[in-house]
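# Breakdown of the fold
Okay, here's what each chain looks like letter by letter:
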Amino acid sequence: MVFGALNANKADRQMSISELHPVQIVIDGEIKSIPIFDSWEIEGISSMAYHFKDPKVIYIDRGNALVKIDLHRRESNFLNIENLKDVHEITMIDNTLWIANTGFNEAVAFNIIKERVEDRIDLFTLDFFSKQKTTKNNKEMESIDKFHLNQVFLGIDNNLYGLVHHTYGKQLIKHVEHKKIKLQGDGGVINMSNNKPIPLNLKSPHTVRIVQNSYWVCDSGNFTINIYSPDWKLKNKIKTNGYGRGADFSKKLGFFYVGISELRKRYIKLLKLQVGKNMVQIFSINKKELIEEIILNSIEQVNNLYLVDRKVGMDLLEL
């Protein structure tokens, strides 16, 4: 199941909301859109998570709100969570739904049993951020406070981590020909259990998955999947055919699936790179080799992807 969207910047868009199919299922060699999500008429959908005990109860992120869908009852309702902005990944850890509240640089913990927010971790309150020196702005460069938290996840060591674009909470902006270009390249993870940053020199990273006791991370801006040991030492890199975002894997088949987004128009000109296509790339976990590509239409970027139980997929199609 692939989640997609229109490009965030309107200058990059070539589609309208009416042309967008934000959630699509690849099943029996066909790609089918899920009508219930088309009917929402929104600019995209970022992520989902299962109830920790029931795969037929799922949680869907709509950017500034979360929706609970009960496939048993064929009904849905909004969760009572205030102050959400530009939510990226949502992750179920036991009975807690951890929300990467990207627009506010915070991690939000929502207890799905009590149906209430139990914690909000503001990354700007972490000790290491307050100790950072302030960068002086000039005509060519400026610095803004921003972590861009993409995902909260439980590590191999059972610590709570956040995947961020800017490990120390400082984003550099370069001024070029009356335009502002966001500089990437100091992405990494933050161990939120002990408040320690781990810089990995990632460029616009997305989507950590734990595969065979290793961390697999999309180093999106460098067009690679990076593989790290449990103590975050780089073990290997796999080249992707574009900007990776969203991934899942099958232990049974030994495959790793990653979503690839077409490069945005303004970056093609500035970076002089060839435009790719929206697709799913499938890699052998053991051989680290590309097995197959599935081309996607009716979206402008891939936000996420999931391997789902066939019955769950069919129930969603029939909603």
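## Topic: the environment of His21
- Note that His21 resides in the loop between β1 (2-5) and β2 (23-27).
- Its relative accessible area of 25% is what places His21 among the partly exposed residues.
- Measuring from C-alpha to C-alpha, the distance between His21 and Ile34 comes to 7.6 Å, with 13 residues separating the pair along the chain.
- Beyond its immediate chain neighbours, meaning those up to four positions away, His21 contacts Ser33, Asp38, Ser298 and Ile299.

## Description of the nonpolar core
- Ranked by size, the top nonpolar core spans 20 residues in total, and within it Met1, Phe3, Ile34, Phe37, Ile45, Ile60 and Leu316 carry the most contacts.
- Looking at this core, the elements that each hand over two or more residues are β2, β5 (57-61), β6 (66-70) and α4 (310-318).
- When sequence neighbours within four positions are dropped, the list of residues in contact with Phe37 reads Pro22, Val23, Ile45, Ile60, Ile69 and Leu316.
- Core analysis: the second largest hydrophobic core is formed by 17 residues, Ile93, Trp98, Ala109 and Val152 among them.

## Remarks on the sheet that holds strand β9 (residues 96-101)
- In space, the 4 strands of this open sheet follow the order β8-β9-β10-β11, with antiparallel pairing throughout. The open sheet is flanked by β8 (87-93) and β11 (116-122), the only strands paired with a single partner. The mean angle between the axes of side-by-side strands here comes to 20°, regardless of whether they run parallel or antiparallel.
- Relative to β11, strand β10 (residues 106-111) runs antiparallel, the two being bridged by 6 bridges. Paired with Asn111 across the two strands is Arg116, which belongs to β11.

## Looking at the packing of aromatic side chains
- Taken as a whole and judged by the stated rule, the model has 16 aromatic pairs.
- Here the aromatic rings of Phe129 and Phe147 are separated by 5.7 Å at their centres, their planes lie at 50°, and the arrangement is tilted. In this pair, Phe129 sits in helix α2 (residues 127-130) while Phe147 sits in the loop between β12 (141-145) and β13 (149-154), placing the two residues 18 residues apart along the sequence. Each member of the pair, Phe129 as well as Phe147, is classed as buried.
- Between the NZ or CZ atom of Arg62 and the centre of the ring of Trp40, over which it lies, the distance is 4.8 Å.
- Geometry around Phe104 places Lys85 over its ring, the cationic atom sitting 5.8 Å from the centre.

## Section: the sheet that holds strand β27 (residues 301-305)
- Spatially, 4 strands are ordered β3-β2-β1-β27 in an open sheet, and the strand pairing comes out antiparallel. Of all strands in the sheet, those with a lone pairing partner are β3 (30-33) and β27, marking the two edges. Averaged over all pairs of adjacent strands, the angle between their axes in this sheet comes to 30°, without regard to strand direction.
- Pairing of β1 with β27 involves 4 bridges; the strand directions are antiparallel. Across the sheet, the residue bridging to Ala5 is Gln301, located in β27.
- Along the sheet face, α4 touches β2 and β3 and points at about 130° away from the line of β2.

## A look at the environment of Phe129
- The exposure class of Phe129 is buried, given its relative accessible area of 12%.
- Taking the C-alpha atoms as reference points, Phe129 and Asp145, separated by 16 residues in sequence, lie 9.5 Å from one another.
- Excluding residues within four positions of it along the chain, Phe129 makes contact with Leu123, Phe124, Asp145, Phe147, Tyr168, Gly169 and Lys170.

## Structural notes on the pattern of salt bridges
- For the structure on display, the rule yields 11 salt bridges.
- Arg310 is the salt-bridge partner of Asp28, the closest N and O atoms lying 2.7 Å from each other. Of the two residues, Asp28 is situated in the loop between β2 and β3 and Arg310 in helix α4; the sequence distance between them amounts to 282 residues.
- Judged by relative accessible area, which is 57%, Asp28 ranks as exposed.
- Note that Lys68 and Glu115 form a salt bridge whose closest N and O atoms lie 3.6 Å from each other. Here Lys68 is found in strand β6, whereas its partner Glu115 is found in the loop between β10 and β11, with 47 residues between them in sequence.
- Among the residues examined, Glu115 registers a relative accessible area of 39% and is labelled partly exposed.
- It is possible to trace a salt-bridge network through shared partners that takes in Lys56, Lys311 and Asp315.

Rules behind the numbers
- One numbering rule holds for all chains: residues counted from 1, following each sequence as written.
- It should be noted that, the model being predicted, local features are given only for residues of pLDDT at least 70 and side-chain atom pairs only at 80 or more, the latter also being counted only at that level, while totals for whole chains, interfaces and linings use all residues.
- Processing note: side-chain calculations cover all non-hydrogen atoms of the structure and skip hydrogens and water entirely.
- Strands here are runs of E lasting at least two residues and helices are runs of H or I lasting at least four, both read from the DSSP assignment and numbered beginning at the N terminus.
- Categorising residues by exposure relies on relative accessible area from a 1.4 Å probe, with only protein chains included: less than 20% of the type maximum marks a residue as buried, more than 50% marks it as exposed, and the intermediate range marks it as partly exposed.
- Residues are treated as being in contact if the distance between any of their heavy atoms lies within 4.5 Å.
- What makes a nonpolar core is a set of buried Ala, Val, Leu, Ile, Met, Phe, Trp, Tyr and Cys residues whose side-chain atoms join them at distances within 4.5 Å.
- For two strands to count as paired, DSSP must find a minimum of two bridges between them.
- Note on geometry: axes are lines fitted to C-alpha atoms, helical ones only across the stretch in contact, with angles between N-to-C directions running from 0 to 180 degrees.
- Two rings belonging to Phe, Tyr or Trp (six-membered ring only in the last case) form a pair when the distance between their centres is within 6.5 Å. Interplanar angles under 30 degrees mark stacking, angles over 60 mark edge-to-face geometry, and anything in between is tilted.
- A ring is considered to have a charge above it if a Lys NZ or an Arg CZ atom is located within 6 Å of its centre and within 35 degrees of its normal.
- Salt bridges, as used here, are contacts in which a Lys or Arg side-chain nitrogen is within 4 Å of a carboxyl oxygen on Asp or Glu.

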